[in-house]
Amino acid sequence: MISRRTFLSGIALTGLSAGVLHRPFIARAAEPLVLWGPPAAPSIILAQAVASGLLRELGPDVSFRTWKSPDELRAGISSGSYHATVVPTYVASNFYNRGLGVRLLNVLTNGLLYVVAPAGTVSDMASLKGKKIAVPLRNDMPDFIFRRLLASANMAASEIQIEYTGSPSEAMQFLMAGRVDAAFLTEPASTAAILRASMMGKTLERAISAQEVWKSVTGTSIIPQAGLAVSNKFSADLGEKGLEALQASLETALAQVLKDPAAAAAAAASTLELPAPVIERSIPYSNLVAARASTEKKELFTLFEALAQEDPRIIGGKVPDDGFFAL
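Since the model is a prediction, treat every value here as computed from it, not as a measurement.

Q: In this structure, what is going on with the overall build of the protein? I would like to understand it.
A: Along the protein, the regular secondary structure elements total 13 helices and 12 strands. Taking 327 residues into account, the globule formula puts the C-alpha radius of gyration at 20 Å, and the protein, at 22 Å, falls close to it. Out of the 327 residues in the protein, the part that is buried amounts to 52%. Of the contacts formed within the protein by residues at least 6 apart in sequence, a portion of 79% connects residues at least 24 apart. Just so you have it, the protein exposes about 14,600 Å², and 53% of that area is on carbon and sulfur atoms.

Q: Sorry if this is basic, but what is going on with the packing of helix α7 (residues 168–176) against helix α8 (residues 189–199) here?
A: The description of two helices packed together rests on the angle between their axes and the distance between the axes. Where α7 meets α8, the axes come as close as 10 Å, and the angle between the chain directions of the two elements is 25°. Classified by the angle their axes make, α7 and α8 are roughly parallel. Regarding α7 and α8, the two cross each other, and that crossing is right-handed. Taken together, the residues of α8 that come into contact with α7 (itself represented by P168, M172 and M176) are A189, A192, A193, R196 and A197. Here the contact of α7 with α8 is built from residues that sort into 7 nonpolar, no polar and 1 charged.

Q: Before we go on, may I ask you to explain the side chain of S43 in this structure?
A: With respect to the element layout, S43 can be found in helix α3 (residues 43–51). Under the relative-accessibility criterion, S43 is labelled buried at 0%. In terms of polar contacts, S43 uses its side chain to reach the backbone carbonyl oxygen of P38, at 2.6 Å. In this structure S43 touches G37, P38, F64 and L272, once residues within four positions along its chain are discounted.

Q: How do you make sense of the pattern of salt bridges when you look at a structure like this?
A: Inspection of the entire model under this criterion finds 10 salt bridges. Here D237 ties to K233 by a salt bridge, and the two come within 2.8 Å at their closest N and O atoms. Of the two residues, D237 and K233 are both situated in helix α10 (residues 232–259); the distance of 4 residues between them amounts to about one turn of the helix. By relative accessible area, which is 40% here, D237 ends up partly exposed. A residue is classified by how much of its surface remains accessible, and K233, at 44% relative accessible area, is partly exposed. Because the salt bridges share partners, they merge into one network encompassing D143, R147 and E310.

Q: Would you mind going over the confidence of the model for the protein with me for this structure?
A: Close reading of the predicted structure is inappropriate where its pLDDT is low. Per-residue pLDDT for the protein has a mean of 91; in total, 91% of the residues score no lower than 70. Within the model, pLDDT remains below 50 along residues 1–25, and this stretch shows 7 contacts once partners closer than five positions in the same chain are excluded.

Q: Any chance you could explain the packing of aromatic side chains here in plain terms?
A: As enumerated under the stated definition, the model contains 9 aromatic pairs in all. Note on F301 and F325: the rings are 5.9 Å apart at their centroids and 35° apart in plane angle, and the pair reads as tilted. In this pair, F301 is assigned in helix α13 (residues 297–308) and F325 in the segment after α13, connecting sequence segments 24 residues apart. As far as burial versus exposure is concerned, F301 and F325 are alike and both buried. Counting every residue linked through ring pairs, the aromatic cluster contains Y96, F301, F304, F324 and F325. The aromatic ring of Y114 is capped on one face by R206, whose charged end is 5.7 Å from the ring centroid. Here the guanidinium or amino end of R206 rests over the ring plane of Y285, the centre of that ring lying 3.5 Å away.

So, how was this worked out
Residues numbered from 1 in each chain as written. Predicted model: local features only at pLDDT ≥ 70, side-chain atom pairs only at ≥ 80, totals over all residues. Heavy atoms only, no water. Helix = DSSP H or I, 4+ residues; strand = E, 2+ residues; numbered from the N terminus. Rg over C-alpha atoms; globule rule 2.2 N^0.38 Å. Buried < 20%, exposed > 50% of the residue type's maximum accessible area, 1.4 Å probe, protein only. Contact = heavy atoms within 4.5 Å. Areas by Shrake-Rupley, 256 points an atom, 1.4 Å probe, with all protein chains shown as cover. Axes fitted to C-alpha atoms, helices over the stretch in contact; angles between N-to-C directions. Parallel < 35°, antiparallel > 145°, perpendicular 65-115°, else oblique. Left-handed = near helix turned anticlockwise from the far one by under 90°. Nonpolar A, V, L, I, M, F, W, Y, C, P; charged D, E, K, R; others polar. Polar contact = N/O pair within 3.5 Å; in protein donor to acceptor, adjacent residues only side chain to side chain. Salt bridge = Lys/Arg side-chain N within 4 Å of Asp/Glu carboxyl O. pLDDT = per-residue confidence, 0-100. Phe/Tyr/Trp six-rings, centres within 6.5 Å; stacked < 30°, edge-to-face > 60°. Lys NZ or Arg CZ within 6 Å of the ring centre and 35° of its normal.

Structure (structure tokens):
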């Protein structure tokens, strides 16, 4: 017979604790687990979670990779190769409403869009009248938000000249080259533009915060712009406890990012293919969160309803039901 003392001693030698023994069972992925995201601020949280080893209990090999364009993202989701990816939240709604087996686990930013312009040249939306503005990703989140901001100022798109670009970095380059008067940029593109301009002896500023103007559009300054979408297969493989563990890990990763932005930037730099100093300085302007999707239901539905005013097909025809929320 093995005594209780001998049993507990054996546990100590194997490195297990009583806390581990009593922790609820968490299903582990049977194959390598890949989390996907854009080369943008919300992905810093995922990169930090992987670099810190916070996700090891979810599978034998967890990694983070970036998608480069909205087309690549949609192809990855449609083909079933992206089971967990950061997406614009309206994309998750669109796929869910179309029955493509996607739900939203959380929100990772409450808004990171800014009009960047030479200092003193832009003060509000009305001051953009007659100017040329670079807006990235036509018919995607930045464009949709920018149109609603124009509407809030009772401005028509014809009152300004919009120069559409294929990415935030391209919009930034247009601004740096003087091809436009201002650019509507995400983070960390806003930070990159401001830092690069300062190196050239020029001064750019975040002249307009989309989040502040959004309050005049909807009554809230929260734009739940992006979050982690998960496939039904991913959810089934991990189970509810696995999803809870993933969410808890991302909450811990967020706390680490906010506590030590420099270390987080260093961890994310190679994967996001961005200089660490740019990532570090962008964090305070990125409104990073790791909020369960259901806790931002009101703000999400407010966003979806605002986007649907232009075309309900943007969100898949309707505001999604409560099954949309993975947690």
